[in-house]
Amino acid sequence: MSLDLEKAHEPRDVDISAAGRGVWLVKVPKYLSEQWKTCANGTEVGKLRISKPRVSSKPDIVFTSFDVSKKAGPVLDSNGLIMPTTSTLPKKPTMVGSKNHKFIVTNVGNQNLVVMSQLKTEIPGKDTYTERISVEGKVVQRAECHPIVDDQYKQLKKDQVQAQNTPQRQVKLLTTIVQSYKPVNDHISNEERKTKKVEKRSRVEKEKVMDVLFNAFEKHQFYNVKDLVGITKQPVPYLKEILKEICNYNMTAPHKNMWELKPEFRHYKSHDETT
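It should be emphasised that the depicted structure is a prediction, and the values quoted were computed from it without experimental measurement.

Peer 1: In this structure, what is going on with the packing of aromatic side chains? I would like to understand it.
Peer 2: A ring pair, where both rings are aromatic, is described by two values, the distance of the centres and the angle of the planes. The full count for this structure, using the stated rule, is 5 aromatic pairs. Between Phe 217 and Tyr 223, the aromatic rings sit 5.2 Å apart at their centres with planes inclined by 90°, giving edge-to-face as the arrangement. Assigned by exposure class, Phe 217 and Tyr 223 land together as buried. Linked through ring pairs, Trp 36, Phe 63 and Phe 103 together constitute an aromatic cluster.

What follows is the structure, given as structure tokens:
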């Protein structure tokens, strides 16, 4: 950010050879500005006719615009450089407005306005460009370009309203069958459920189950039912009957809902023996 500020305040040469020329500052409709942006330099965009009526003291100014859409040149970006062509992108429909426009002239007043231009030219074979800043003239008159309401202008406004009110998603009538997927007799998820065998747990002798439980509690002091079912491979009701005989069920934190061996079945080493 600091580099941009330093570059913005660098001293530059400004061409003021045309500073004394009087220019008009005119506000034009949007469809005219969009057409003129695509024009090449030096393209004639219209004709201006100034006539002084007998009754009014103000001149009658009529601007007739030319169709410059067919004479469009290269598109320039904000820096004045030629943008690459985008022929692959869909083109938006061009709005063709009224050809005849009327100028409403206003005074500049005490404002001191000038028109400046900034032209950037690429240097062949290099990534840099040359920049030229010029004063094109002093604003001596301000005006607003209003289209004359005729049939062509009414059609333009009608097309604009229809384009704004047209929903992006529309219902279309299909004359052919559209299949987004191929129908199958049975889905893969259903086949997996059928092929997946549910493991049936059969009861083993009580002494063998107790031996497995004692071996498990030698490794860890606390277990929940789900882990013990996976270790012993026994049904839950049968396993709980055995656990009630040799284990205590914790109802409080920090080992809530977990099983622990009863004191008479514990063989843990004390802290003094381990040290």
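Peer 1: Whenever I open this one, the layout of surface pockets confuses me. Can you help?
Peer 2: Gaps left between atoms are located by rolling a probe of water-molecule size over the structure's atoms. What the second largest pocket holds in volume is close to 230 Å³. Around the second largest pocket, the lining residues are Val 23, Trp 24, Leu 25, Val 26, Val 28, Trp 36, Val 45, Leu 48, Phe 63, Phe 103 and Val 115. For the lining of the second largest pocket, the leading source of residues is strand E2 (residues 22–27), giving 4 residues. Broken down by class, the residue content of the lining of the second largest pocket amounts to 11 nonpolar, no polar and no charged.

Peer 1: Before we go on, may I ask you to explain the packing of helix H5 (residues 206–219) against helix H6 (residues 225–232) in this structure?
Peer 2: How two helices sit against one another is set out by the angle between their axes and by the gap between those axes. For the pair H5 and H6, the least separation of the axes is 10 Å and the interaxial angle reads 120°. Classified by the angle between their axes, H5 and H6 sit oblique to one another. For H5 against H6, the interelement crossing comes out right-handed. Contacts from Val 209, Val 212, Leu 213 and Ala 216 in H5 reach Leu 228, Ile 231 and Thr 232 in H6. Considered class by class, the residues forming the contact of H5 with H6 number 6 nonpolar, 1 polar and no charged.

Peer 1: Teacher, can you tell me more about helix H2 (residues 30–37) here?
Peer 2: At 3.6 residues per turn, the α-helix brings residues three or four places apart onto the same side. Buried within H2 we find Tyr 31, Leu 32 and Gln 35. Down the axis of H2, the smallest arc covering the buried residues is 100°, so these residues share one side. The outward face of H2, more than 90 degrees from its buried face, is lined by the exposed residues Lys 30 and Lys 37. On its buried face, H2 sits against strand E4 (60–65), strand E5 (100–106), strand E7 (129–147) and helix H3 (151–165).

Peer 1: I would appreciate a short explanation of H6 in the present structure.
Peer 2: Every buried residue of H6 is listed here: Val 225, Leu 228, Val 229 and Thr 232. Taken down its axis, H6 places every buried residue within 105° of arc, on the same side. As for H6, its buried residues are in contact with H5, helix H7 (236–246) and strand E9 (259–261). Once H6 finishes, Lys 233 follows within two positions and takes phi at roughly 60°, a positive value.

Peer 1: Where do I start with a nonpolar patch on the surface in this structure?
Peer 2: Taken together, the side chains of Val 14, Ile 16, Val 114 and Met 116 define a hydrophobic patch exposed on the protein surface, amounting to about 380 Å² of accessible area. Looking at the element boundaries, Val 114 is found in strand E6 (residues 114–122).

Peer 1: Sorry if this is basic, but what is going on with the pattern of salt bridges here?
Peer 2: Pairing is possible between side chains that carry opposite charge, provided their charged atoms lie close to one another. As enumerated under the stated definition, the model contains 4 salt bridges in all. Linking Asp 15 and Arg 132 is a salt bridge whose minimum nitrogen-to-oxygen distance equals 3.0 Å. With Asp 15 in strand E1 (residues 14–15) and Arg 132 in strand E7, the pair connects residues that are 117 residues apart, well separated along the chain. Asp 15 gets classed as partly exposed once you look at its relative accessible area, which sits at 25%.

Peer 1: Help me understand the nonpolar core, please; the structure alone is not making it clear to me.
Peer 2: Generally speaking, soluble globular proteins have nonpolar side chains that are buried together. With 17 residues, the main nonpolar core has Leu 213, Leu 228, Leu 239, Leu 243, Cys 247 and Trp 259 as its most contacted residues. Secondary structure elements with two or more residues in this core: H5, H6, H7 and E9. Once residues lying within four places of it in the same chain are set aside, the contact partners of Trp 259 are Phe 217, Gln 221, Phe 222, Tyr 223, Asn 224, Val 225, Leu 228, Leu 243, Lys 244, Cys 247, Asn 248 and Tyr 249. Counting 9 residues, the second-largest nonpolar core is a separate cluster that includes Tyr 31, Ala 143, Tyr 153 and Leu 156.

Peer 1: Could you clarify how one ought to interpret the side chain of Gln 141 in this entry?
Peer 2: Inspection of the secondary structure puts Gln 141 in strand E7. Its relative accessible area of 17% is what places Gln 141 among the buried residues. Among the polar contacts listed, one links the side chain of Gln 141 to the backbone oxygen of Thr 106, at a separation of 2.8 Å. Residue contacts for Gln 141: discarding those within four places in its chain leaves Val 23, Trp 24, Leu 25, Val 105, Thr 106, Asn 107 and Val 108.

What counts as what
- Residues numbered from 1 in each chain as written.
- Predicted model: local features only at pLDDT ≥ 70, side-chain atom pairs only at ≥ 80, totals over all residues.
- Heavy atoms only, no water.
- Phe/Tyr/Trp six-rings, centres within 6.5 Å; stacked < 30°, edge-to-face > 60°.
- Buried < 20%, exposed > 50% of the residue type's maximum accessible area, 1.4 Å probe, protein only.
- 1 Å grid on protein atoms, 1.4 Å probe; cavity = no way out; pocket = protein on both sides within 12 Å on 5 of 7 lines; lining within 4 Å.
- Points joined across faces, edges and corners; volume = space filled by probe spheres on them.
- Helix = DSSP H or I, 4+ residues; strand = E, 2+ residues; numbered from the N terminus.
- Nonpolar A, V, L, I, M, F, W, Y, C, P; charged D, E, K, R; others polar.
- Axes fitted to C-alpha atoms, helices over the stretch in contact; angles between N-to-C directions.
- Parallel < 35°, antiparallel > 145°, perpendicular 65-115°, else oblique.
- Left-handed = near helix turned anticlockwise from the far one by under 90°.
- Contact = heavy atoms within 4.5 Å.
- Arc of directions from axis to C-beta.
- Patch = residues over 30% accessible without salt bridge, like charges linked within 9 Å, V, L, I, M, F, W, Y side chains within 5 Å.
- Areas by Shrake-Rupley, 256 points an atom, 1.4 Å probe, with all protein chains shown as cover.
- Salt bridge = Lys/Arg side-chain N within 4 Å of Asp/Glu carboxyl O.
- Core = buried A, V, L, I, M, F, W, Y, C linked by side-chain atoms within 4.5 Å.
- Polar contact = N/O pair within 3.5 Å; in protein donor to acceptor, adjacent residues only side chain to side chain.

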